[in-house]
Amino acid sequence: GAVVSQHPSRVICKSGTSVKIECRSLDFQATTMFWYRQFPKQSLMLMATSNEGSKATYEQGVEKDKFLINHASLTLSTLTVTSAHPEDSSFYICSARDFGLTNYGYTFGSGTRLTVV
Amino acid sequence: TQLLEQSPQFLSIQEGENLTVYCNSSSVFSSLQWYRQEPGEGPVLLVTVVTGGEVKKLKRLTFQFGDARKDSSLHITAAQPGDTGLYLCAGAFRGNTGKLIFGQGTTLQVKP
């Protein structure tokens, strides 16, 4: 089945630094990937839709200059949290859609726990 | 803006009891999915429903999709402690470029 690999699984960074999170579709091509953010005991909130070869589409209220998304190939999307602050600490999850699947298959990565100190 | 209302958000029951989780929207879903998520992990797909009125079963879990494709429910029969976790409904809406919107989630605790 479709597999999405997300890396790193955990990262701790100092306030003011930038952190890059990678999301790879391992056995299928993903023209579209999605980035979510999840706070403790809450649901997933869609941040942006990442489109291969074009600009990402951000949801209302998400700062595009803060959360840089690059989708340079059909198997890789990256999310860079720039000038991170403690309030950016969260669980970030990516998802990719394999249009070849018949189950309307959205496959999720295992998430990245970001802690900004 | 499409929204999914999921209820209840928290549920604590005894082993053996039944429960139902609801997911509603004012918009029509092109498809709706139910996920289960463990702490520190990504959500895992349980089922996808596409056709209005559809009913799917997965062991003790029964999923229903409303005739108008605006609502769905998850029913668990004879809940077990192993069912404890976060259950999420997520919908894809027509004309929404395929993005999946999640409900608020239901944290289920099944006590032995």
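Use the structure listed above.
The structure displayed is predicted, hence computed values, not measured ones. (Residues numbered from 1 in each chain as written. Chains lettered and ligands numbered in written order. Predicted model: local features only at pLDDT ≥ 70, side-chain atom pairs only at ≥ 80, totals over all residues. Heavy atoms only, no water.)

(A) The state of the cysteines, seen in detail. Under the counting rule described, the total for this entry stands at 2 disulfides over all chains. Between the sulfur atoms of cysteine 23 of chain A and its disulfide mate cysteine 94 of chain A the distance is 2.0 Å. In this structure the cystine formed by cysteine 23 of chain A and cysteine 94 of chain A twists about its S-S bond by roughly 80°; its chirality is therefore right-handed. Taken together, the residues span a long stretch of sequence, with cysteine 23 of chain A in strand S3 (residues 19-25) and cysteine 94 of chain A in strand S9 (residues 90-97) at a distance of 71 residues. Summarising the burial analysis for this pair, cysteine 23 of chain A and cysteine 94 of chain A share the class buried. Residue cysteine 23 of chain B pairs covalently with cysteine 89 of chain B via a disulfide, S to S 2.1 Å. (Disulfide = S-S within 2.5 Å. Helix = DSSP H or I, 4+ residues; strand = E, 2+ residues; numbered from the N terminus. Buried < 20%, exposed > 50% of the residue type's maximum accessible area, 1.4 Å probe, protein only.)

(B) Broad picture of the sheet that holds strand S3 (residues 19-24) of chain B. Residue and element names in this part refer to chain B. Reading across the sheet, the 5 strands line up as S1-S3-S8-S7-S6 and stay open at both edges, with antiparallel pairing between neighbours. Single-partner strands in this sheet number two, and they are strand S1 (5-7) and strand S6 (55-58). Taken pair by pair, the neighbouring strands of this sheet meet at an average axis angle of 15°, ignoring direction. As judged from the 5 bridges shared by strand S7 (residues 61-65) and strand S8 (residues 71-76), these two strands associate in the antiparallel manner. Across the sheet, residue leucine 61 finds its bridge partner in S8, namely isoleucine 76. (Pairing = 2+ DSSP bridges. Axes fitted to C-alpha atoms, helices over the stretch in contact; angles between N-to-C directions.)

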